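Fold and geometry: a report
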Amino acid sequence: MPPLIASLLLLLSACAVAGASSSPDHTRLLNYLDAQGHEHPVRTPEDWAIRRKEILEGMQAAMGPLPDRSHLPPPDMKVTSEVKGEGFKRLTISYVLGAGRGERRVPAYLLIPDAAVAGKRLPAIIALHPTSKIGKGECAGLGQPHGRYGIELAQRGDVVLCPDYPSFGDYACDFSDPAFASGTMLGIAGHMRGIDLLQSLPQVDGQRIGVIGHSLGGHNAMFLAAFDPRVKVVVSSCGWTPFADYYGGNLAGWTSPRYMPRLKDVYHLDVKAVPFDFYEVAAAIAPRPFFSNSPLRDSNFDVKGVRKAEPQVRKVYQLLGAPDAFRVAHPDCAHDFPPEVREEAYRFIDAALKH
């Protein structure tokens with residue numbers, strides 16, 4: 001199919017999905033729309049399943065459709081180097097995305113703890129990096145202290161996969177593939193393939209997989225968990241606030257090709273027109289354990305928005321019988337993931353994955 005036609009079809013699909021799934025108020029988590037657009041209260045888990053489906057449709061209207069995963073090839077992990085770390089070994093690897101144009105490979109580090117022994121399966125974590133030229137290197141201890149969560153979790157005995165987000169680190173990307181309407185969806189697809197890879201490894205218990213990320217990695221951790229039920233626990237540091245509270249509703253920072261250009265091209269930077277919001281993304285994780293580090297002085301993701309969303313998200317967790325599974329920390333710091341909060345997050349992960 002010619003790229004122009006494919007792009008037009010994706011745009012028409014976005015408009016159709018947006019019209020079918022948009023809720024009049026994304027803060028009203030416990031209400032859903034029927035096929036005629038009439039609003040109904042969410043009173044049961046079955047009702048929530050309808051509302052959650054609306055959320056995923058709204059996310060795809062903004063991000064582009066999630067690629068078909070029914071005929072994916074094996075991840076085909078290739079190892080190009082190995083380095084011994086303190087309590088783990090770091091493999092430089094790549095794996096097959098298996099969707100879109102050509103044989104795109106996702107560059108990553110795989111951290112194998114010294115605790116890994118034959119016949120023993122360990123929990124695994126996908127560690128998603130913040131905005132950084134070195135990408136995955138941040139999580140592998142090669143960058144800023146707030147990004148050390150990858151190696152710290154490996155030193156605690158988790159198998160850790162640190163993939164590059166498209167256009168960072170070694171992941172060269174021109175975002176011209178018509179199969180992906182956004183870098184955000186390309187990232188989600190690559191992270192889901194990362195779970196495929198982890199589940200194929202003999203060292204990993206495929207039923208005990210979590211995700212952690214800071215900043216860019218923080219909201220990508222939430223996006224991954226919303227679409228992939230194999231994620232059993234989520235930690236998002238400085239990763240979210242409702243769109244209206246992101247720089248006063250200025251969405252321009254979300255609209256480059258590496259993120260969600262439809263927010264500008266289709267929804268014209270209008271917060272009220274965007275077909276999803278972070279109230280919904282956070283709630284879509286329920287009832288799985290979700291830890292949010294939301295500092296008091298984060299200039300990127302305003303804590304006021306998080307505090308408005310917290311009680312609404314908690315209502316969903318309560319409805320689904322997991323009132324204590326949603327935890328928010330508010331350290332008195334700026335856009336950071338301080339050591340004491342990282343330690344609290346690790347204990348949260350350990351409890352969720354029974355490690």
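As the structure is a prediction and not an experimental result, all values here were calculated from the model.

Below, the discussion takes up the pattern of salt bridges. Tallying each qualifying case throughout the model produces 24 salt bridges. Salt-bridge contacts for D350 lead to R156; the nearest nitrogen and oxygen are separated by 2.6 Å. You can see D350 sitting in helix α9 (residues 339-353) and its partner R156 sitting in the loop between α3 (149-155) and β7 (159-163), a full 194 residues away along the chain. With its nearest N and O atoms 3.0 Å apart, the salt bridge here joins D245 to K308. One end of the pair, D245, is in the loop between β9 (231-237) and α6 (262-265); the other, K308, is in helix α8 (residues 303-319), with 63 residues separating them in the sequence. For D245, a relative accessible area of 13% translates into the label buried.

Residue P287 follows A286 across a cis peptide bond; omega there is 5 degrees. Here P287 shows up in the loop between α7 (278-284) and β10 (290-293). The phi torsion at D76 lies on the positive side, around 55 degrees, for a residue other than glycine. Relative to the elements of secondary structure, D76 occurs in the loop between α2 (45-63) and β3 (78-84). The exposure class assigned to D76 is partly exposed, which follows from its relative accessible area of 39%. Phi at K354 takes a positive value of approximately 55 degrees, unusual for a residue other than glycine. Note on placement: K354 falls in the segment after α9. Exposure remark for K354: the relative accessible area of 70% places this residue in the exposed category.

Parameters and conventions
Residues numbered from 1 in each chain as written. Predicted model: local features only at pLDDT ≥ 70, side-chain atom pairs only at ≥ 80, totals over all residues. Heavy atoms only, no water. Salt bridge = Lys/Arg side-chain N within 4 Å of Asp/Glu carboxyl O. Helix = DSSP H or I, 4+ residues; strand = E, 2+ residues; numbered from the N terminus. Buried < 20%, exposed > 50% of the residue type's maximum accessible area, 1.4 Å probe, protein only.

Without other data, these values stay purely geometric and don't point to any function.
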